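# Examining the three-dimensional arrangement
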Amino acid sequence: MREIYIKVRGIGKEYRIGERNEYKTIRDSITGFTSRNFKKLISSFDRRPGAGTQYTDSRAEIKPPNNYFWSLKDVSFDVSKGEVVGIIGRNGAGKSTLLKIITGITEPTEGRIDLYGRIASLLEVGTGFHLELTGRENIYLNGAILGMKRQEIDRKFDEIVDFSEILQFIDTPVKYYSSGMRIRLGFSVAAHLEPEILLIDEVLAVGDAAFQKKCLGKLNNVATSEGRTVLFVSHDMAAILSLCHRTILLENGRKVSEGPTDHVVQDYMQLMSATYETPLEERKDREGDSSVMVTSLKIESSEPYAPIRVGDRLNIVIGYKSDNPVRYPRIIIRIRDFRTRVNILRLDSDMRSGLPEILPPSGYITCQTDELYLTPGRCIADLEVRRGMFKADQIEYAGHFDIETKDILGSGKIPSRDQATTLIKYKWQLEED
Amino acid sequence: MQKAKNTSKIFDPQHAGINKTADSEHRKAFAVREPRKDISLRLKELYEYHELIYFLIWRDLKVRYKQTALGVSWAILQPFMTMVVFTIFFGNLAKMPSEGLPYPVFSFAALLPWQLFANAMTTASNSLVNNRDLITKVYFPRIILPIASIVAGLVDFCIAFVVLVAMIIYYGIIPSAAILVLPLFVLLAMASALAVSMWLSALNVQYRDVRHLIPFMTQIWLFVTPIAYPSSLVPEKWRFIYGLNPMAGVVEGFRWALLGKSNVSWSLVTISSLMVLFLLVGGVLYFRRMERTFADVV
């Protein structure tokens, strides 16, 4: 008989589109109404003749007509004392919103959560660090922000500094720290929190591998030996599998699976791979002489059963059929940004050979890419099949895929799609005379 | 109430097994998250976070004069230079009446509570927006951000106050027993700053116009407050409307308590104090209502 520590019942959160991540000026809210309607007018012209419903549907996904959407809906579960429960799901599935509601950062639109213990959350490493303050001062500030009492920080201070391995810089302002050092310091404070319930969001995905391992070990320790109740959100299936007894899978704001971690992780993998296989036979908005027909498109990471993350190799699998063997085929895959529709990549079998000169009447063609360093976000793919001189089949926006974030720069930070399209590893260096 | 009934109907069957074994129904929840309908001040919760208020004030003070050449002297320089300019233009050139007091003391004694108010109000009104990363990542009663900014402003005031004391001694002014109520007017200045910033900080989250409004508003406000001139210059029939400016009463009262002039307008002080109370209660309620969406909007 275990005590319940977190009781979640029918939680829902409704957002107004554009309310998040955007701030308004009074002028905006006056002009907003007119410009929204103007945009609507423009997009009705923009719809090319013959553009099928699928094309417009996918647009509606980001701007539904009613301007409201449920980021979470009807989510219920219990967490008992001493349990470590994982929460997984794709970007935008509602994981972070759920944690924010449990912590109290934002209020649910409906439902109720009862918490039977002191709660602390770790949604970010080093929240509230002030660059002008020293490491020592920031330990106190950050500790207080995370809910520690002053005496508690005094008591654990040496342990925190020890864990962070930055003793010699403890009285240096944090602005002179490397990002790795900041992360160490931030995590060290967080690792010494002693709430009864701990919520953790994706924070292990930062820092260097050795430190990550140390953090994971500490967390495991906290969960098992100290009997802390932990809710853990992550994209890292290895961490979820090793830490969590039970896992909850969210998809489009709803709980779609809950149970032993290995089962739910399986469900997640299935969800991830199923989503990216797009059937195309029904699509009417295509051009070409139809001598070849593209029947399906699947875009997946070369890592088996894993979401596509920054720096992954892609496998793009195109299913096709034709009445006859296809002579002199040419396949062009165009990858574009979902929001701006700007071209990012062109994979063309005329430019990179390897495709046989004659294709059997039906089959699957796979295009394997090298490591792809694009910023996290959604991309769409256009397909074109040519047969010698003739355009056999062409589908714009045949499918899309999401690139999930990954800490390739070692700082836990990565530019967003608005800031950049491609990524590269780099280093800074000072040349002294 | 109705909603709660609905959800329990939908979700209890699924969890019936768990609920039976657990005794959670008999325990009192440590915290509950649900859509709030009532607006309460939740002062008890505020007390629980008093250490965080302390640390935020400490942070503001530590950081304020980092990497400045003049450091804390800024707390004195700002009101002092303003006083010098006022003395030259209003005191000497415009021959503004100063209730028989030397003009420099007359204006400096008003500038101090004014600067306390204006600076505290400005930083507090921007405090939510400037601490965006805290609001979106950690829970705490949001009201402690403006409160901490205002208390931190008190330190600058105290530093500049030393200069005021020196001036009083220099001009040989002997304060009356009224000086005992001086702290009350300091508190009233802070309460005014809190009242105004409750409204402005919450609005600022939604409308960044506030950020541009504040400097401009402060400038005008300075002139509708009896700082460069005595309130007795304002005709009697306008006195009531003039008193609606909370700072009119604060400045008038502060000057009276310290420099002891007998002809203080008590009706002015009363109207201003009531106005502060009114703005404060309304502001806190407005803030409490708006804070539910701060993290989503900021």
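Residues numbered from 1 in each chain as written. Chains lettered and ligands numbered in written order. Predicted model: local features only at pLDDT ≥ 70, side-chain atom pairs only at ≥ 80, totals over all residues.

## Section: the overall build of chain A
For chain A, the helix and strand inventory stands at nine helices and 20 strands. Counting across all 433 residues of chain A, residues that qualify as buried make up 38%. Contacts in chain A between residues at least 24 apart in sequence constitute 74% of all its contacts with a sequence separation of at least 6. (Helix = DSSP H or I, 4+ residues; strand = E, 2+ residues; numbered from the N terminus. Buried ≥ 20, exposed ≤ 12 C-beta atoms within 10 Å, placed from the backbone. Contact = placed C-beta atoms within 7 Å.)

## Re the overall build of chain B
Secondary structure summary: chain B contains 13 helices and one strand in total. Listing each helix as α and each strand as β along chain B from the N terminus yields α-β-α-α-α-α-α-α-α-α-α-α-α-α. Burial status across chain B gives 40% buried among its 298 residues. In chain B, once contacts between residues fewer than 6 apart in sequence are set aside, the share between residues at least 24 apart is 81%.

## Observations regarding the sheet that holds strand 1 (residues 4–16) of chain A
The strand order across the open sheet built from four strands is 2(A)-1(A)-4(A)-1(B), with neighbouring strands paired in antiparallel fashion. Of all strands in the sheet, those with a lone pairing partner are strand 2 (68–80) of chain A together with strand 1 (31–33) of chain B, marking the two edges. Between one strand axis and the next, the sheet turns by 15° as a mean value, whatever way the strands run. Two strands pair when backbone bridges link them, and strand 4 (residues 110–115) of chain A and strand 1 of chain B are joined in this way by three bridges, in the antiparallel orientation. The partner of A:Leu115 across the bridge, within strand 1 of chain B, is B:Ala31. (Pairing = 2+ DSSP bridges. Axes fitted to C-alpha atoms, helices over the stretch in contact; angles between N-to-C directions.)

## As for helix 9 (residues 209–223) of chain B
For helix 9 of chain B, built from 15 residues, the straight-helix expectation of 21 Å at 1.5 Å per residue is met to within 8% by its first-to-last C-alpha distance of 22 Å. Roughly 25° is the biggest bend found in helix 9 of chain B, and it falls at B:Pro215. (Expected span 1.5 Å × (residues − 1). Bend = angle between axes of the 7 residues up to and from the residue.)

## Quick look at the pairing of strand 16 (residues 343–348) of chain A
Note on strand geometry: in a regular strand, side chains alternate between the two faces of the sheet. Residues and elements named next belong to chain A. Strand direction decides the pairing type here: strand 15 (residues 329–337) and strand 16, joined by five bridges, are antiparallel. Its bridge partner being in strand 16, arginine 334 is matched across the sheet by arginine 346. If you look at the hairpin formed by strand 15 and strand 16, you'll find five residues sitting between the two strands, and arginine 341 has a positive phi there, around 60°.

## Examining the confidence of the model for chain A
All names here are of chain A. Mean pLDDT over chain A works out to 83, with 85% of the residues at or above the 70 mark. pLDDT under 50 marks residues 18–22. Its contacts with residues more than four places away, or in other chains, come to four contacts. For residues 46–65, every residue scores under 50 in pLDDT, and the model assigns this stretch 13 contacts once sequence neighbours within four places are set aside. (pLDDT = per-residue confidence, 0-100.)

## A few points about the sheet that holds strand 9 (residues 254–260) of chain A
All names here are of chain A. Pairing is mixed in the open sheet, where six strands are placed in the order 5-6-7-3-8-9. Looking along the sheet, the strands with just one partner apiece sit at the ends: strand 5 (119–122) and strand 9. For this sheet, the mean inter-axis angle between neighbouring strands, taken without regard to orientation, is 15°. Bridging between strand 5 and strand 6 (residues 197–201) involves four bridges; their strand directions are parallel. Pairing of alanine 120 across the sheet is with leucine 198, part of strand 6. Of the strands in this sheet, strand 3 (84–89), strand 5, strand 6, strand 7 (229–233) and strand 8 (246–251) are in contact with helix 3 (residues 95–103), which crosses strand 6 at around 150°.

## Focus: the nonpolar core
Counting 141 residues, the largest nonpolar core has A:Phe232, B:Ala109, B:Leu112 and B:Ala193 as the members making the most contacts within it. Of all hydrophobic cores here, the second largest spans 28 residues; its members include A:Leu297, A:Ile308, A:Ile331 and A:Leu374. (Core = buried A, V, L, I, M, F, W, Y, C linked by C-beta atoms within 7 Å.)

## Some thoughts on helix 3 of chain A
Counting along an α-helix, one turn takes 3.6 residues, and residues three or four places apart therefore face a common direction. Of all nine residues in helix 3 of chain A, eight are buried; the element is thus mostly enclosed. For helix 3 of chain A, the full list of buried residues reads A:Lys95, A:Thr97, A:Leu98, A:Leu99, A:Lys100, A:Ile101, A:Ile102 and A:Thr103.

## Section: the packing of helix 5 (residues 103–130) of chain B against helix 11 (residues 246–259) of chain B
Residues and elements named next belong to chain B. At a minimum axis separation of 9 Å, helix 5 and helix 11 run at an interaxial angle of 135°. Comparing the axis directions of helix 5 and helix 11 gives the class oblique. Pair helix 5 / helix 11 crosses with right-handed handedness. Packed against helix 5, whose contacting residues are Val105, Ala109, Ala110, Pro113, Trp114 and Phe117, the element helix 11 presents Met247, Val250, Val251, Phe254, Arg255, Leu258 and Leu259 at the interface. By residue class, the composition of the contact of helix 5 with helix 11 is twelve nonpolar, no polar and one charged. (Parallel < 35°, antiparallel > 145°, perpendicular 65-115°, else oblique. Left-handed = near helix turned anticlockwise from the far one by under 90°. Nonpolar A, V, L, I, M, F, W, Y, C, P; charged D, E, K, R; others polar.)

## So, the packing of helix 5 of chain B against helix 8 (residues 182–206) of chain B
Residues and elements named next belong to chain B. The geometry of helix 5 relative to helix 8 is characterised by a closest axis approach of 8 Å and an angle of 30° between their N-to-C directions. When the axis of helix 5 is compared with that of helix 8, the two are roughly parallel. Our pair here, helix 5 against helix 8, has a crossing hand that is right-handed. Residue-level contacts link Pro113, Leu116, Phe117, Ala120, Met121, Ala124, Ser125, Asn126, Ser127, Leu128 and Val129 of helix 5 to Phe185, Val186, Ala189, Met190, Ser192, Ala193, Val196, Ser197, Leu200, Ser201, Asn204 and Val205 of helix 8. Its residues assigned to classes, the contact of helix 5 with helix 8 comprises 16 nonpolar, seven polar and no charged.

## Things to note about unusual backbone geometry
Residues and elements named next belong to chain A. Backbone geometry at glutamate 165 places phi at a positive 60°, although glycine is not the residue there. With a phi angle near 50°, tyrosine 397 is a residue other than glycine that sits in the positive phi range. In this fold, tyrosine 397 is placed in strand 20 (residues 390–403). Exposure remark for tyrosine 397: the 22 C-beta atoms within 10 Å place this residue in the buried category.

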